[in-house]
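Breakdown of the fold
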Amino acid sequence: MTHQLDALAGPTSTLIPVSLLTGFLGSGKTTLLNHLVHQPELADTLVIINEFGEMALDHMLVAHSTENLVMEMSSGCVCCSIRGDLVKTLRDITWRYSRNGRRWFQRVLIETTGLADPAPVIHTLMTHPQIASKYRLDGIVATVDMAAGMNTLNQHREAVKQAAVADVLLLTKADLATEKQHDALLRRLDGINRAAPRWDVSNGEIAAQKVLNLGLFTASGKQPDVARWLSEEAYAESESHGHAHEHHEHNHEAHDHSGHDTHGHAHDHGEDHHDVNRHDDHIRAFCFTVEQPIAEETLADWLELLMSFVGSRILRVKGILNVVGNAQPVVLHGVQHIFHPPVTLPAWPSEDRRSRLVFITRDVSKDVIEKTFHALAEGVAA
Ligand SMILES: [Zn+2]
């Protein structure tokens with residue numbers, strides 16, 4: 001980690017942004033894509049779709065990928081893999097879609113098949129040398145079928161994972177869902193991913209700006225929007241519940257508020273278990289805060305420890321860190337035990353200089369995260 005900190009990418013990155021569109025089978029991704037590609041914001045977006053999908057897309061820039069060539073990474077770890085077909089596609093499109101040395105597209109949108117694990121795609125973008133040097137993940141968008149969603153979540157762990165790691169949830173087919181189904185699914189999504197904004201989509205209609213520029217680095221020259229990227233308020237516990245509520249309300253303009261009341265109710269009872277009923281999706285999402293600057297050695301040891309023991313169950317980590325000896329904040333982003341090289345931001349986004357890490361895990365509690373950190377931090381101090 002020490003050496004990596006020296007060679008960091010700047011925040012006004014020239015890397016090509018990649019949006020990942022995941023979502024349950026039959027949740028209306030095709031209709032959605034057809035609406036998106038006709039909006040001016042997506043005119044220069046190259047869309048990569050699955051070769052075996054039946055989708056016809058009325059767009060100039062469409063490439064195909066097979067999505068069946070998943071390769072283990074050299075570590076030999078079962079949970080970490082990259083997509084070989086996608087590597088080839090992402091490598092080829094830069095010359096296939098260029099003329100006189102100029103690229104035709106400015107961003108990429110990858111549509112994955114219904115039940116694909118999003119991790120291999122993210123790993124590909126984060127770690128493959130030829131890909132990571134050209135592309136960056138902008139955000140993960142997941143469509144959720146409001147009528148069939150509950151069944152899909154019950155039957156497929158990958159569907160839970162897609163929803164859990166998404167930066168934005170698009171709620172489709174609400175017209176086919178009963179009010180009861182609708183409310184139950186919203187409550188369940190509170191437990192799986194309460195930080196992601198949710199937008200109602202009917203007939204595939206969604207404004208492109210709601211699904212683009214979700215990452216830390218927006219248009220060049222702009223200050224990175226750390227607050228939005230991290231959404232830490234959404235994970236904060238009871239004392240700042242008001243914030244979480246506000247956050248949700250802001251994004252749920254079209255929903256009635258019965259789901260929120262229930263959400264608040266669960267909070268009032270102190271426990272962080274939103275779904276104490278028969279659906280425990282085993283997703284834990286929380287924010288871990290450290291008041292004092294963290295020694296680089298502690299950080300490196302702690303992450304290594306976590307990654308080797310519970311790495312496969314850490315679905316996503318995002319953080320802004322105050323590292324001893326660094327006046328500027330360091331941004332961390334990981335999926336399972338694969339980390340994007342840390343990035344230094346030019347300045348702290350606010351007065352708050354605490355290190356803040358958001359964890360989305362499968363059955364890894366905040367307690368484990370906290371205790372391992374403090375054990376190592378005290379070890380270093382002693
Ligand atoms: Zn792994």
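Everything below is about the structure shown above.
Computed from a prediction, not measured in an experiment: that's the story for all the values here. (Residues numbered from 1 in each chain as written. Predicted model: local features only at pLDDT ≥ 70, side-chain atom pairs only at ≥ 80, totals over all residues. Heavy atoms only, no water.)

**Comments concerning the sheet that holds strand β9 (residues 135-145)**
Note on sheets: strands pair through backbone hydrogen bonds, and any given pair is parallel or antiparallel. Pairing is parallel in the open sheet, where 7 strands are placed in the order β3-β2-β8-β1-β9-β10-β11. Edge strands, defined here as strands with exactly one partner in the open sheet, are β3 (62-65) and β11 (198-201). Ignoring which end each strand starts from, the neighbouring axes of this sheet average 25° apart. Of the pairings in the sheet, the one linking β9 to strand β10 (residues 168-172) comprises 5 bridges and is parallel in character. Considered in β10, the bridge of Asp145 is made with Thr172. (Pairing = 2+ DSSP bridges. Helix = DSSP H or I, 4+ residues; strand = E, 2+ residues; numbered from the N terminus. Axes fitted to C-alpha atoms, helices over the stretch in contact; angles between N-to-C directions.)

**Looking at the nonpolar core**
Core analysis: the largest hydrophobic core is formed by 69 residues, its most contacted members being Ile93, Val108 and Tyr135. In this structure Val108 touches Ile16, Pro17, Val18, Ser19, Thr45, Leu46, Ile48, Leu90, Ile93 and Tyr135, once residues within four positions along its chain are discounted. (Core = buried A, V, L, I, M, F, W, Y, C linked by side-chain atoms within 4.5 Å. Buried < 20%, exposed > 50% of the residue type's maximum accessible area, 1.4 Å probe, protein only. Contact = heavy atoms within 4.5 Å.)

**Overview of unusual backbone geometry**
If you check the backbone angles, Asn100 has positive phi at about 50° while not being a glycine. Relative to the elements of secondary structure, Asn100 occurs in the loop between β6 (98-99) and β7 (102-103). Of the residues examined, Asn100 reaches a relative accessible area of 76% and is grouped as exposed. The residue Ser231 is not glycine, and still its phi comes out positive at about 50°. Here Ser231 shows up in the loop between α9 (226-230) and α10 (241-251).

**Re the pattern of salt bridges**
Under the defined criterion, the tally for this structure stands at 16 salt bridges. Ionic pairing is found between Asp92 and Lys88, a salt bridge with its closest N-O pair at 3.0 Å. Here Lys88 and Asp92 lie together in helix α3 (residues 84-96), a separation of 4 residues that amounts to about one turn. Note that Lys318 is salt-bridged to Asp167, the shortest N-O span being 3.1 Å. On the criterion of sequence distance, the pair formed by Lys318 in strand β13 (residues 314-321) and Asp167 in the loop between α7 (157-165) and β10 is long-range, its members being 151 residues apart. Across this residue pair, the class does not change: Lys318 and Asp167 are buried. (Salt bridge = Lys/Arg side-chain N within 4 Å of Asp/Glu carboxyl O.)

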